[in-house]
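A closer look at the structure
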Amino acid sequence: MSAPTTPSSRSTVTEREAREVAEAAREQDWRKPSFAKELFLGRFRLDLIHPHPLPAEEDVQRGEEFLAKLRDFCETKIDGAVIERDARIPDEVITGLKELGAFGMKIDTKYGGLGLTQVYYNKALALVGSANPAIGALLSAHQSIGVPQPLKMFGTQEQKDTFLPRCARTDISAFLLTEPDVGSDPARLATTAVRDGDDYVLDGVKLWTTNGVVADLLVVMARVPKAEGHKDGEGGKGGITAFVVEAASEGVTVENRNAFMGLRGLENGVTRFHRVRVPAANRIGPEGAGLKIALTTLNTGRLSLPAMCVGAGKWCLKIAREWSAVREQWGKPVALHEAVGSKISFIAATTFALEAVLDLSSQMADEDRNDIRIEAALAKLYGSEMACLMADELVQIRGGRGFETAASLAARGERAVPAEQILRDLRINRIFEGSTEIMHLLIAREAVDAHLSVAGDLIDPDKTLSDKARAGAQAGVFYAKWLPKLVAGPGQLPRSYAEFHPSGHPDLSGHLRHVERTARKLARSTFYAMSRWQGRMETKQGFLGRIVDIGAELFAMSAACVRAEHLRAEGDHGREAYQLADAFCRQARIRVEELFGRLWTNTDDLDRKVVKGVLGGAYEWLEQGVVDPSGDGPWIADASPGESRRENVHRPIR
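Note that the structure is predicted; figures quoted are calculated from it, not measured.

About the criteria used
Residues numbered from 1 in each chain as written. Predicted model: local features only at pLDDT ≥ 70, side-chain atom pairs only at ≥ 80, totals over all residues. Heavy atoms only, no water. Helix = DSSP H or I, 4+ residues; strand = E, 2+ residues; numbered from the N terminus. Rg over C-alpha atoms; globule rule 2.2 N^0.38 Å. Buried < 20%, exposed > 50% of the residue type's maximum accessible area, 1.4 Å probe, protein only. Areas by Shrake-Rupley, 256 points an atom, 1.4 Å probe, with all protein chains shown as cover. Pairing = 2+ DSSP bridges. Expected span 1.5 Å × (residues − 1). Salt bridge = Lys/Arg side-chain N within 4 Å of Asp/Glu carboxyl O. pLDDT = per-residue confidence, 0-100. Contact = heavy atoms within 4.5 Å. Axes fitted to C-alpha atoms, helices over the stretch in contact; angles between N-to-C directions. Parallel < 35°, antiparallel > 145°, perpendicular 65-115°, else oblique. Left-handed = near helix turned anticlockwise from the far one by under 90°. Phe/Tyr/Trp six-rings, centres within 6.5 Å; stacked < 30°, edge-to-face > 60°. Disulfide = S-S within 2.5 Å. Core = buried A, V, L, I, M, F, W, Y, C linked by side-chain atoms within 4.5 Å.

**What to know about the overall build of the protein**
- Scanning the protein for helices and strands turns up 23 helices and 10 strands.
- Against the globule reference of 26 Å for 654 residues, the protein gives a C-alpha radius of gyration of 26 Å, in line with a compact fold.
- Seen along its three principal axes, the alpha-carbon backbone of the protein occupies a region of about 75 × 75 × 65 Å.
- Taken over 654 residues, the protein has a buried fraction of 54%.
- Accessible area of the protein: about 30300 Å², with a carbon and sulfur share of 53%.

Given below as C-alpha cells:
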C-alpha cells in the first residue's frame, strides 16, 4: 500500500495541464444562438431578446400560487433575527419548507416536485432570501447544484426514480467539489474513487460543503484512476467523475461546521471520506465527465445567486426610501440632498436592471431556444458585484445606524434594520460558484471562442508550421468577412430602434444605438488585443476582465430597455420603468467609458513589478509597526486520506 499523499508531497500540475483539464470540460459547441456571445463579437442581435419572451399562463398560475404560500410562510414562520442570533436555521423551519414543497421547486411533478419554471424558482429564492439569506443558500445549493439538477440533465431513469422523489420532499442534498488545497483548479483534485467490483471506493477530504452538515445525499467529484489497458471508447477511462453518495454511508464524517462573516445559518462543513463504498449505479454519467457535468449544471444553476441579489436590491431600495424620507438634516429629508439622492438613484436603477437581466436570462433558460451559458455567467458576475455596492451604499445612507447591528438598534428602542448584516451576507456571492476573477476568465474564454476556433493554432506554441499555415488561411477568410462588419451598423442611424421612444416617455432608442456601436467597438478592441499579444493574451487578465465588464454593462442595458418596453406594452408601470431604464443606461454608459479608457491606460505592467517585489520581500519594511493577531497553524489544513479522528457533526433533519 502506497504512503498517503500529503499537501507537500502531492504531484504538481503544470499550467498547461490545468488548462487542458478545464478546456476538456467546456461545452465545445454552440448549437443555439446566444445574445451575449453575439454581443462580444460585435453583433447586436436585439431580435434574440425582443419582444421580451413570456412564460406560459399555466406556469404563471402555478408559480404565483406557490409564491403566495411561500410569502405567508416567510412572514409567519421565519424569524431572521433568531437565525442570526443562534447561527442556525431552526429544524422546524426546514421541516416546514419541506412540507411546503420548497425543496422540490425545480423537480418535475411526476417525481413529487412542484415543477416550477426557472423564472418562478428565482422569484421564490429572492423572496425567501429576503427573509434570511442562509435559507436561500440552503434551497439553492440543494436544487441548483445539488443532486436534483445534475440528475435531471445527466442521470439515468433509474437514478431519477430513486433519488428525485427523496429530494423533492424529504432529503437535503449538497455538492462537494472544493478541497482544502483545490479551489478553482480542478486538475489538482485529490479525492479518489477506485473501482472495486460493482462499487467505487472513495477516499479524500472536501471543504466548504454547503448543506453538507445536514445533507442526506451528496454529489461528490472524485478522480477515478484510468484502468490498465484502457482504450478510448471502452470502460475504465478514468478522470474526474460525479457520484451520488448517501451521507449516512460508513466512512463519511462531517468533521467541522464552518463559521463565516455572513450567512450565519449556513450549514457548511468539512467532509472526510474513508473507504466509502459507492455503488457504480450511483455514478452520474461516464467516467471522466464530472467537470463537464458540474459546468453544465452551473450554466443555469448560477442564476440562483443573482436571484437573491435582486431580492437584496429590492430590500435595500425599500429601506433607503423609508429612512431617507424621515431622516432630516439641515432642514430637509436626507434624500433631497444630492449626495444621498445619487445613492438612492443608483440603488433603484440598478435593482431594476438586475431584475431585467435575471428575468430575461431565466425565461430564455425556460424556453431553451437560446444558449445562455454566457448570459447566466454575466448575471452571476454582475449581480454579485452590484448587489454588494448597493448594500454598501445603504449602510452609508443609514450612517452610524447602518454600522450598528439590528439587535443593538432594537435594544435601544429603534427599528431593527439589519443593514450591516446584508452587507456581510452578500459578500460571499462574489466568491460562491465561481469568484469574480474566475468568472472574468470563464466568460472571456467563451467570448473569444470564435477567434480561437479559427486562429487558435496560430498562437499555440506546440503547433507545427503546417498547422499554423492552415490556421492562417482559415483566419484570413474569417476576418475578411467579419472585420468590415465592425465599421458601421444600425447604431449610427438616428431612427434605429424607434419603438423604444414612445410619445411621452424617455428615449431609450439612443441607449440601444449606443449598445450597438459599443458592441462593435468592443469586438474591435478584442481583435486588436489578440493581434498585439497573440499567445500572451491569456495572461492579460486585467484587460480580459475589463472586456467582460463592458459586455456585462451592455447586456444589462439591453435587458433594462427590453424590460421597460415590455412593461409599457403591458400597461404595468411603463412610464416609471422607462425612467429607471433611462437612469440605469446613463449610469452604465459612464462606467463603460471609464472601462474603455482603462483597457489601454492602466497600471497592469507596474502592478506586476510591485507584486514581484512584494513576494520577493522587497517591501517587508512596510509591514513593520503592527502586530499580527492571526493564530498558529498551517495556511492549508492537511487533507491526507485516512480514517477520521474527529467527532461526526453530521445532523440530518427529520
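**Quick word on the pairing of strand E5 (residues 239-246)**
- Most of E5 sits out of view: six of its eight residues are buried.
- With eight bridges joining them, strand E4 (residues 217-224) and E5 adopt antiparallel strand pairing. Looking at the pairing, Ala 222 lines up with Thr 241 of E5.
- Sheet topology places E5 next to strand E8 (residues 283-284); two bridges connect them, and they run antiparallel. Across the sheet, Ala 242 pairs through a bridge with Ile 284, a residue of E8.

**Description of helix H10 (residues 290-301)**
- Taking 1.5 Å per residue as the helical rise, H10 with its 12 residues ought to reach 16 Å, and the 16 Å between its terminal C-alpha atoms agrees with that figure.
- Counted residue by residue, H10 has 10 buried out of 12 residues, so it is predominantly covered.
- Residues Gly 290, Leu 291, Ile 293, Ala 294, Thr 296, Thr 297, Leu 298, Asn 299, Thr 300 and Gly 301 constitute the buried set of H10.

**Observations concerning the pattern of salt bridges**
- Per the stated rule, a full pass over the model turns up 43 salt bridges.
- Among the ionic pairs, Glu 414 bridges to Arg 412, the shortest N-O distance being 3.0 Å.
- When its relative accessible area of 43% is taken as the criterion, Arg 412 is described as partly exposed.
- Salt-bridge contacts for Asp 604 lead to Arg 546; the nearest nitrogen and oxygen are separated by 2.9 Å. Residue Asp 604 is found in helix H23 (residues 604-615), and its partner Arg 546 is found in helix H21 (residues 541-569); the two are separated by 58 residues along the sequence.
- For Asp 604, a relative accessible area of 17% corresponds to the buried category.
- When its relative accessible area of 8% is taken as the criterion, Arg 546 is described as buried.

**With respect to unusual backbone geometry**
- The amide bond that connects His 50 to the next residue, Pro 51, takes the cis arrangement and shows omega of 0 degrees.
- With a phi angle near 55 degrees, Ala 87 is a residue other than glycine that sits in the positive phi range.
- Here Ala 87 shows up in the loop between helix H4 (80-86) and helix H5 (91-100).
- Given a relative accessible area of 16%, Ala 87 falls into the buried group.
- Despite not being glycine, Glu 433 shows a phi value in the positive range, around 50 degrees.
- If you trace the backbone, Glu 433 turns up in the loop between helix H16 (419-426) and helix H17 (436-447).

**Some details on the confidence of the model for the protein**
- Summary statistics for the protein give a mean pLDDT of 91 and a share of 93% for residues scoring 70 or more.
- Within the model, the stretch residues 1-9 combines pLDDT values under 50 with 11 contacts to residues more than four positions away or in other chains.

**Some points on the packing of helix H6 (residues 118-131) against helix H11 (residues 304-326)**
- With their axes 8 Å apart at the nearest point, H6 and H11 run at an angle of 50 degrees to one another. Taken together, the axes of H6 and H11 lie oblique to each other. Where H6 crosses over H11, the two elements pack in a sense that is right-handed. Contact with H6, carried on its side by Tyr 121, Asn 122, Leu 125 and Ala 126, involves Ser 304, Ala 307, Met 308 and Gly 311 of H11 and no other residues of that element.

**Thoughts on the packing of aromatic side chains**
- Taken as a whole and assessed by the stated rule, the structure comprises 13 aromatic pairs.
- With a centroid separation of 5.2 Å and an interplanar angle of 80 degrees, the aromatic rings of Trp 533 and Phe 543 are classed as edge-to-face. Here Trp 533, found in helix H20 (residues 509-533), pairs with Phe 543, found in helix H21; they are 10 residues apart in sequence, far enough to count as distant.
- Exposure remark for Trp 533: the relative accessible area of 11% places this residue in the buried category.
- With a centroid separation of 5.1 Å and 50 degrees between ring planes, the pair formed by Phe 543 and Trp 600 is classed as tilted. Taken together, the residues Phe 543 in helix H21 and Trp 600 in helix H22 (residues 574-600) connect sequence positions 57 residues apart.
- A relative accessible area of 36% means that Trp 600 is categorised as partly exposed.

**Observations concerning the state of the cysteines**
- Enumeration according to the criterion identifies zero disulfides in this entry.
- Of all cysteine sulfurs in the structure, the one in Cys 388 sits closest to Cys 309, which takes part in no disulfide; the separation is 7.2 Å.
- The exposure class of Cys 309 is buried, given its relative accessible area of 0%.
- On the accessibility criterion, Cys 388 (8% relative accessible area) is buried.

**A look at the nonpolar core**
- Counting 132 residues, the largest nonpolar core has Met 105, Ile 135, Leu 378, Phe 500 and Phe 584 as the members making the most contacts within it.
- In terms of residue count, H21 provides more of this core than any other element does, 16 residues in total.
- Excluding anything up to four places from it in sequence, Phe 584 contacts Ala 349, Thr 350, Ala 353, Tyr 382, Glu 553, Ala 556, Met 557, Ala 560 and Arg 591.
- If you look at the next biggest cluster of nonpolar residues, it comprises 24 residues, including Phe 175, Met 221, Ala 242 and Leu 298.

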